[in-house]
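Architecture at a glance
What follows is the residue order along each chain.
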Amino acid sequence: MNVIVGRQKNVADLELQESNNLDGFLGYVDTNHIDKKNDSIADYPISWDKTWMDICNIISQRSKDPVRKIGALIVNDDHKIISLGYNGMPKVIDGLDNDKIYPWDKNKNNIEDNKYAYVVHAELNAILNATQSVKGCTLYVNYNCCNECCKAIIQSGIKKVVYMNKKDKSIYNIGRTMLRYAGIETIEYKSNEEK
């Protein structure tokens, strides 16, 4: 493994070593990113927005929703993760399986057999899972925030929302309008803008 031993600024200053010892590990360097001509590390590191969206996509894989897997995370201004969440069913008593009790179907004829009556969205799970205040933090989500989640975002004191896949649907439009009225910055993340 190639390991950066210090916080150097260019290739000449990099002191790479082969090591299995991770004590003092500061970061992995993929040597394919080193631009020999300009003596710099090209495209390294990735942006914080890309980092957080990649983590949202990973955590979304915990969801058992067969149609849409959503992940969310909340970070503070120091780039520390405060909480994670994904779309899932509410907790049940020990010995029961919530995924067998609640439906994952989208039955439009009977609300009691429809997942939308039961599922807890990723954004709300991230807020509820937080072990400290999320006031002043940023929420990242790999989909849109619905109007119900936006209510929780506003009331929790989150200051900024970065979302993917803008959809022109009333529940999402209402949500973005509520965030705007609450003075919460919203940014649509476009993955094709970054490497």
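Higher on the page you've got the structure.
In what follows, the accompanying structure is described.

Quick notes on the rules
- Residues numbered from 1 in each chain as written.
- Predicted model: local features only at pLDDT ≥ 70, side-chain atom pairs only at ≥ 80, totals over all residues.
- Heavy atoms only, no water.
- Helix = DSSP H or I, 4+ residues; strand = E, 2+ residues; numbered from the N terminus.
- Buried < 20%, exposed > 50% of the residue type's maximum accessible area, 1.4 Å probe, protein only.
- Contact = heavy atoms within 4.5 Å.
- Areas by Shrake-Rupley, 256 points an atom, 1.4 Å probe, with all protein chains shown as cover.
- Core = buried A, V, L, I, M, F, W, Y, C linked by side-chain atoms within 4.5 Å.
- Pairing = 2+ DSSP bridges.
- Axes fitted to C-alpha atoms, helices over the stretch in contact; angles between N-to-C directions.

Brief notes about the overall build of the protein
The number of helices and strands found in the protein is five helices and nine strands. The helix and strand sequence of the protein, counted from the amino end, reads β-β-β-β-α-β-β-α-α-β-α-β-α-β. By the burial criterion, 37% of the 195 residues in the protein qualify as buried. Long-range contacts, defined here as pairs at least 24 residues apart, represent 53% of the contacts in the protein between residues at least 6 apart. Total accessible area on the protein stands at roughly 12200 Å², and carbon and sulfur atoms take up 48% of it.

Section: the nonpolar core
Ranked by size, the top nonpolar core spans 24 residues in total, and within it Ile74, Leu139, Val141, Cys145, Ile153, Ile158 and Val161 carry the most contacts. Every element with two or more residues in this core is listed here: β5 (71-75), α3 (122-129), β7 (138-141), α4 (147-156), β8 (160-163) and α5 (170-181). Element by element, the count of residues in this core is highest for α4, at four residues. Those residues in contact with leucine 139, other than ones at most four positions away along the chain, are Leu73, Ile74, Glu123, Cys145, Ile153, Ile158, Lys160, Val161 and Val162.

Details of the environment of aspartate 105
Checked against the element boundaries, aspartate 105 lands in the loop between α2 (98-101) and α3. For the pair aspartate 105 and valine 67, spaced 38 residues apart in sequence, the C-alpha to C-alpha distance is 9.1 Å. The residues contacting aspartate 105, other than those within four sequence positions of it, are Asp113, Asn114 and Lys115.

A look at the sheet that holds strand β6 (residues 81-86)
The strand order across the open sheet formed by five strands is β6-β5-β7-β8-β9, and the pairing between neighbours is mixed. Each edge of the open sheet carries a strand with a single partner, namely β6 and β9 (185-188). Going from strand to strand, the sheet's axes swing by 15° on average, the running direction of each strand aside. Where β7 and β8 come together, four bridges link them in parallel fashion. Bridge pairing in β8 links leucine 139 to valine 161.

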